[in-house]
Amino acid sequence: MVSSSLARPLPDLRPLPPVQEQHFAPADYPWVGAAVRSALLLEDGIADLDPVGGVGAPAERLPEPVVDIDLVEQALAAEGVAPLAERTLVLAVGSNQTPQAIARKYRRAGGTVPAATPFVRCTVHDLAVGHVAHIAAPGYVPAAPYRAPGQRMELVATWFDDEQLAVIDATEPNYDRIRLAAAQHPLTLATGQEPAQAHVYASRWGVLARDGVPIPLRHRQQELFDELSALTGDERFVGEAGELCARMAAEPGALRERVSARGLVAPDGLARP
C-alpha cells in the first residue's frame, strides 16, 4: 500500500474493477477507449497522473511536464518495488496501454507479480500502429507497430520491472520485443524526459496492408472485418464482429492464409537485432 508519508500525495485511487471477461470481449479489442492517459497502477488501484480535464497537446509540445517523475519514484519506493532506473521502458500500441489490461495479465500469472507499474503518455516519431497479419488466440486481430516516416503518434510508455516484463513477454506470442533507438524514433514523455531508447512489441507475422501500405489501427474489430471483406471478397469476413472473432478463434490460420494469398501483408519496417 502507498505510504501516507509521500512528500506529495497521489491523486485518489480508483479501485481496480473485477476481472470479468465481458470487459475484454474480443470484438471490443483494443479496449483503450477514446484517449490515452498517464496513470500509476498500484496494489490498491489506479491513480490518474494527468491533470483534471486531461491534456490538450502532444507530450512533446507541452510547455512543462504534466507528470511528476519524482512523485512516481516516491510511490514506487512506498510500494517497496524497483525504481525507474531498474525498469524497462516499453511503448504500448494496443491493450497494454491500459492499467486494467496489465493488471489482468498480472492476475492471470498467479497474483504474485507486484502490481506497481507507471503508464506515461508520450510522443513518438516515425512510428504508427496497424494490425498483426494473424489472429490472437481469442479471435481478434491485434495491434502492431510499423515504421512510418514523417508520422507522429501519442502512445503510452510503461515501465516494467524484470518480473513484470517476463509476464508480459509470455502474453505476447505473436511478437518480438525489440529496441527502438531515439535516433530513429524520437521519443518525448509527458514527464519531460527524452529517453535514448524504448522497447516495443513488433509483429512476427508482418502487418495487414493495402497495396503494400500498412492499414492503420481500426479501433473496432467490426471496422477491420468490414474492410477485410471489401478487400478480399471473402464471405468469411462478413458478419457481426463477435461471431467473426469466435470463428477466427476456431480457425486461427484462416486469416493469415487469406490475407497472404491476396497480398495484404507487408513488413513492419522495424529493424531487428
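Just so we're clear, the structure is a prediction, and the values are computed from it rather than from any experiment. (Residues numbered from 1 in each chain as written. Predicted model: local features only at pLDDT ≥ 70, side-chain atom pairs only at ≥ 80, totals over all residues. Heavy atoms only, no water.)

Describe the packing of aromatic side chains, with residues and values.
Here the structure, examined in full by the defined rule, presents five aromatic pairs. When the ring of Y29 is compared with that of W31, the centres are 5.2 Å apart and the planes differ by 85°; the resulting orientation is edge-to-face. Since its relative accessible area comes to 4%, Y29 is described here as buried. On the accessibility criterion, W31 (18% relative accessible area) is buried. A ring pair is formed by Y175 and Y201, whose centres lie 6.5 Å apart and whose planes are at 75°; its orientation type is edge-to-face. Of this pair, Y175 sits in strand β7 (residues 175–181) while Y201 sits in strand β9 (residues 197–203), and the two are 26 residues apart along the sequence. With relative accessibility at 8%, the residue Y175 sits in the buried group. (Phe/Tyr/Trp six-rings, centres within 6.5 Å; stacked < 30°, edge-to-face > 60°. Buried < 20%, exposed > 50% of the residue type's maximum accessible area, 1.4 Å probe, protein only. Helix = DSSP H or I, 4+ residues; strand = E, 2+ residues; numbered from the N terminus.)

Tell me about the packing of helix α4 (residues 221–232) against helix α5 (residues 241–250), and name the residues and values.
One way to put it is that α4 packs onto α5 with a least axis distance of 9 Å and a crossing angle of 70°. Taken as axis vectors, α4 and α5 run roughly perpendicular relative to one another. Residue-level inspection shows Q221, Q222 and F225 of α4 in contact with α5, the latter providing A241, L244, C245 and M248. Classifying every residue of the contact of α4 with α5 by side-chain character gives five nonpolar, two polar and no charged. (Axes fitted to C-alpha atoms, helices over the stretch in contact; angles between N-to-C directions. Parallel < 35°, antiparallel > 145°, perpendicular 65-115°, else oblique. Contact = heavy atoms within 4.5 Å. Nonpolar A, V, L, I, M, F, W, Y, C, P; charged D, E, K, R; others polar.)

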